[in-house]
Amino acid sequence: MAETQLRKYAVVEKLNKMEVDLITVNPSIALATYSTGDLMAEQRTISNAVSVKGGSCILQSVTAIDTSDTGGAIYLIITDSQPDLGTVGDAINAADASADNSMAIVELSNWTDVGGAKVCTKANIGLVLKATDSVKDLYFGIVNVSGGDIVIGSGEAIICRFGVVKD
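Attention here is on the structure that accompanies the text. Counting from 1, residues in each chain are numbered in the order their sequence is written. Predicted model: local features are reported for residues with pLDDT of at least 70 only, side-chain atom pairs are reported and counted for 80 or more only, and whole-chain, interface and lining totals are derived from all residues. Excluding hydrogens and water, the side-chain figures rest on all heavy atoms present in the structure.

1. Describing the overall build of the protein
Going by this rule: Comment: elements are numbered from the N terminus, with helices defined as DSSP H or I runs of at least four residues and strands as E runs of at least two. Per-residue accessibility, obtained with a 1.4 Å probe over protein chains only, is compared with the maximum for each type, and a residue is labelled buried under 20%, exposed over 50%, and partly exposed between these values. By definition in these notes, contact holds between two residues if any of their heavy atoms fall within 4.5 Å.
Helices and strands together make up the secondary structure of the protein, namely two helices and twelve strands. Walking the protein from its N terminus toward its C terminus, one meets helices and strands in the order α-β-β-β-β-β-α-β-β-β-β-β-β-β. Considering the protein as a whole, with its 167 residues, one finds that 39% of them fall into the buried category. Once local pairs closer than 6 in sequence are excluded, the contacts in the protein between residues at least 24 apart make up 85%.

2. Points about the pattern of salt bridges
Side chains that differ in charge, positive against negative, can pair when their charged atoms come close. The cut-off we apply is this: One speaks of a salt bridge when a side-chain nitrogen belonging to Lys or Arg is within 4 Å of a carboxyl oxygen belonging to Asp or Glu.
Within this structure, the stated rule accounts for two salt bridges. Members of the salt-bridge network, linked through shared partners, are Glu19, Asp21 and Lys166.

3. Thoughts on the sheet that holds strand 5 (residues 74–79)
Stated formally: Here, any two strands with at least 2 DSSP bridges between them count as paired. Interaxial angles span 0 to 180 degrees and are taken between N-to-C directions of axes, which are lines fitted to C-alpha atoms, for helices over the stretch in contact.
If you walk across this open sheet you meet the four strands as 3-10-5-6, and the pairing is antiparallel. Single-partner strands in this sheet number two, and they are strand 3 (39–46) and strand 6 (102–108). The average undirected angle you get between the axes of adjacent strands in this sheet is 20°. When strand 3 meets strand 10 (residues 138–144), the two strands line up antiparallel, connected through five bridges. The residue bridging leucine 39 from the neighbouring strand is valine 143, located in strand 10.

4. A closer look at the environment of serine 102
Its place among the elements puts serine 102 in strand 6. Look at serine 102 and you get partly exposed, because its relative accessible area is 34%. Serine 102 has contacts with Ile77, Ile78 and Thr79, leaving out every residue within four places of it along the chain.

5. Quick look at the nonpolar core
So the rule is basically this: Among the buried residues, those of types Ala, Val, Leu, Ile, Met, Phe, Trp, Tyr and Cys that are joined through side-chain atoms within 4.5 Å form a nonpolar core.
Core analysis: the biggest nonpolar cluster contains 34 residues, and Met40, Ile74, Leu76, Leu108, Phe140, Ile158 and Phe162 have the highest contact counts within it. Listed by contribution, the elements that provide at least two residues to this core are strand 1 (19–25), strand 3, strand 4 (56–66), strand 5, strand 6, strand 10, strand 11 (150–152) and strand 12 (158–166). Setting aside its immediate chain neighbours within four residues, leucine 108 contacts Val62, Ala64, Gly72, Ala73, Ile74, Leu76, Cys120 and Lys122.

6. Describing the pairing of strand 8 (residues 118–122)
Where strand 4 lies against strand 8, five bridges are found, and the strand directions are antiparallel. Bridging across to strand 8, threonine 63 finds its partner in threonine 121. Alignment of strand 7 (residues 112–113) against strand 8, held across two bridges, turns out to be antiparallel. Note that in strand 8 the partner of threonine 112 across the bridge is valine 119. If you look at the hairpin formed by strand 7 and strand 8, you'll find four residues sitting between the two strands, and glycine 115 has a positive phi there, around 115°.

7. What about the environment of alanine 117?
Note on placement: alanine 117 falls in the loop between strand 7 and strand 8. The exposure class of alanine 117 is buried, given its relative accessible area of 11%. In sequence terms alanine 117 and glycine 71 are 46 residues apart; their C-alpha atoms lie 8.3 Å from each other. Here alanine 117 is in contact with Ile65, Asp66, Thr67, Asp69 and Thr112, once residues within four sequence places are set aside.

Here it is in structure tokens:
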């Protein structure tokens, strides 16, 4: 059980200690047509998501840029270890250890067409995430939950930008 130390830092010290970061990850999704429920990518790293090994952060926002211009609903499954969510291109089938390490599922579904791509933002998430004791990274996988196909062609991807407040 975590111990809360109310007097560890003064208010000003605590606010000055927090770091805000925007981390961009281009998860290199394989060229394919992904049906609903298919795993599109796994074991992708959100590098330095926390300030210290075993640290925590608050996930404030996620922005995704779908350069395939498809824009179907997706889940980002965020874990504290490299997830084994199944076989990319098949229905998600997470290993027990990966399911046990899941910290968040963020649904991205409100896409806006901006020309050659579609963009989706999920703001004010406010989820507390914690890395394992040996790393400063978090990990994620992507699942198609659109109710239809998402086609990733040559040179196309779903770029993710994670807005975090590091403690």
